[in-house]
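Residues per chain, in single letters:
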Amino acid sequence: MRDLTYPPVIGTAKTLFRVLGMKFQTSGTEHIPREGGAILASNHVSYVDFIFNGLAAVPSGRLVRFMAKKEAFDHKVSGPLMRSMHHIPVDRAQGEGSLHAAADYARAGEIVGIFPEATISRSMEVKEIKTGAVRAAAEAGVPLIPMVVWGTQLLKTKDHEADLWGRGKTVALHVGAPIPVTGEDPVAETEQLHAALAALLDKAIREYPISPEGQWWAPARYGGTAPTPEEARRLDLEEKAAREAKRAQRS
């Protein structure tokens with residue numbers, strides 16, 4: 001793939017992060033292969049995760065093609081940019097087609113970024129995850145690599161005011177060892193992915209420079225005040241119902 005846009009975008013972002021005094025904690029980036037395809041499966045705590053997740057592949061000299069909502073490709077500004085960087089649109093009404101596209105990209109030697117939780121976690125824990133990442137990796141015959149991003153929720157997440165400039169903020173990017181998948185039991189292999197993500201998240205929280213105690217952006221299990229997974233599930237269902245009601249009104 002020709003990449004006339006992506007490298008300058010990364011360079012501009014890295015310069016902006018330096019100007020804003022942002023700090024990064026990284027580990028495990030050597031697990032991202034220097035050549036060949038892979039599925040990079042990440043947790044999801046903010047609207048800007050994909051902007052930072054791609055940085056984990058920079059030491060390996062790779063570009064990540066992210067799966068993103070189709071609406072981002074329909075927008076007159078973000079659409080041309082997303083297409084120029086060869087990201088993959090996800091039409092939730094035709095999810096299988098998007099997964100086959102991701103497998104095709106990976107089979108062709110690309111690193112494909114997937115958020116298997118599908119939506120942002122209000123609890124800041126790893127939510128229940130879908131089997132798509134496992135199935136795409138198995139279909140393409142490529143490694144499934146878990147990773148966790150942490151700290152991006154301080155910039156822009158659900159139910160909280162955005163602070164997109166992020167002056168002095170720290171973002172953590174932790175990559176785990178590849179998980180061998182065959183696709184023979186995608187549910188069991190997805191449970192392995194969930195466990196790997198949970199372990200990486202624990203590492204991220206424990207090594208983060210700010211204690212989680214009493215923080216709105218930290219899981220209740222660590223002393224934070226984010227909703228519990230059960231409370232977050234209820235809020236997600238209420239949000240989904242409200243969205244469907246609006247859609248019904250428009251139609």
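These numbers were taken from a predicted model, which means no experiment stands behind them. (Residues numbered from 1 in each chain as written. Predicted model: local features only at pLDDT ≥ 70, side-chain atom pairs only at ≥ 80, totals over all residues. Heavy atoms only, no water.)

1. Comments concerning the sheet that holds strand β2 (residues 38-42)
Moving on, step 1. Across the sheet, 7 strands lie side by side as β1-β7-β6-β2-β5-β3-β4; this open sheet has mixed pairing. Each edge of the open sheet carries a strand with a single partner, namely β1 (23-27) and β4 (88-90). If you compare each strand with its neighbour and ignore which way they point, the axes differ by 25° on average.
Moving on, step 2. With 4 bridges joining them, β2 and strand β6 (residues 144-150) adopt parallel strand pairing. From the neighbouring strand, L40 faces β6, where its bridge partner is I145.
Moving on, step 3. Sitting on the sheet, helix α7 (residues 186-207) is in contact with β1, β2, β6 and β7 (170-175), with an inclination near 30° to β6. (Pairing = 2+ DSSP bridges. Helix = DSSP H or I, 4+ residues; strand = E, 2+ residues; numbered from the N terminus. Axes fitted to C-alpha atoms, helices over the stretch in contact; angles between N-to-C directions. Contact = heavy atoms within 4.5 Å.)

2. Considerations on the pattern of salt bridges
Pairing between side chains becomes possible if they bear opposite charge and their charged atoms approach one another.
Moving on, step 1. Using the criterion set out here, one finds 16 salt bridges in the structure.
Moving on, step 2. Where R135 meets E96, a salt bridge forms, and the shortest distance between an N and an O atom there is 3.2 Å. Taken together, the residues R135 in helix α6 (residues 132-140) and E96 in helix α5 (residues 95-107) connect sequence positions 39 residues apart.
Moving on, step 3. We classify E96 as partly exposed; its relative accessible area is 42%.
Moving on, step 4. A salt bridge links K203 to E207; the shortest N-O distance between them is 2.9 Å. Of the two residues, K203 and E207 both sit in helix α7, 4 residues apart, roughly one turn of that helix.
Moving on, step 5. A relative accessible area of 29% means that K203 is categorised as partly exposed. (Salt bridge = Lys/Arg side-chain N within 4 Å of Asp/Glu carboxyl O. Buried < 20%, exposed > 50% of the residue type's maximum accessible area, 1.4 Å probe, protein only.)

3. Thoughts on unusual backbone geometry
Moving on, step 1. One non-glycine residue, M124, lies in the positive phi region at around 70°.
Moving on, step 2. Mapped onto the fold, M124 is located in the loop between β5 (111-114) and α6.
Moving on, step 3. Relative accessible area serves as the criterion here: at 3%, M124 is assigned to the buried category.
Moving on, step 4. Not every positive phi belongs to a glycine, and D159 is a case in point at roughly 70°.
Moving on, step 5. Mapped onto the secondary structure, D159 falls in the loop between β6 and β7.

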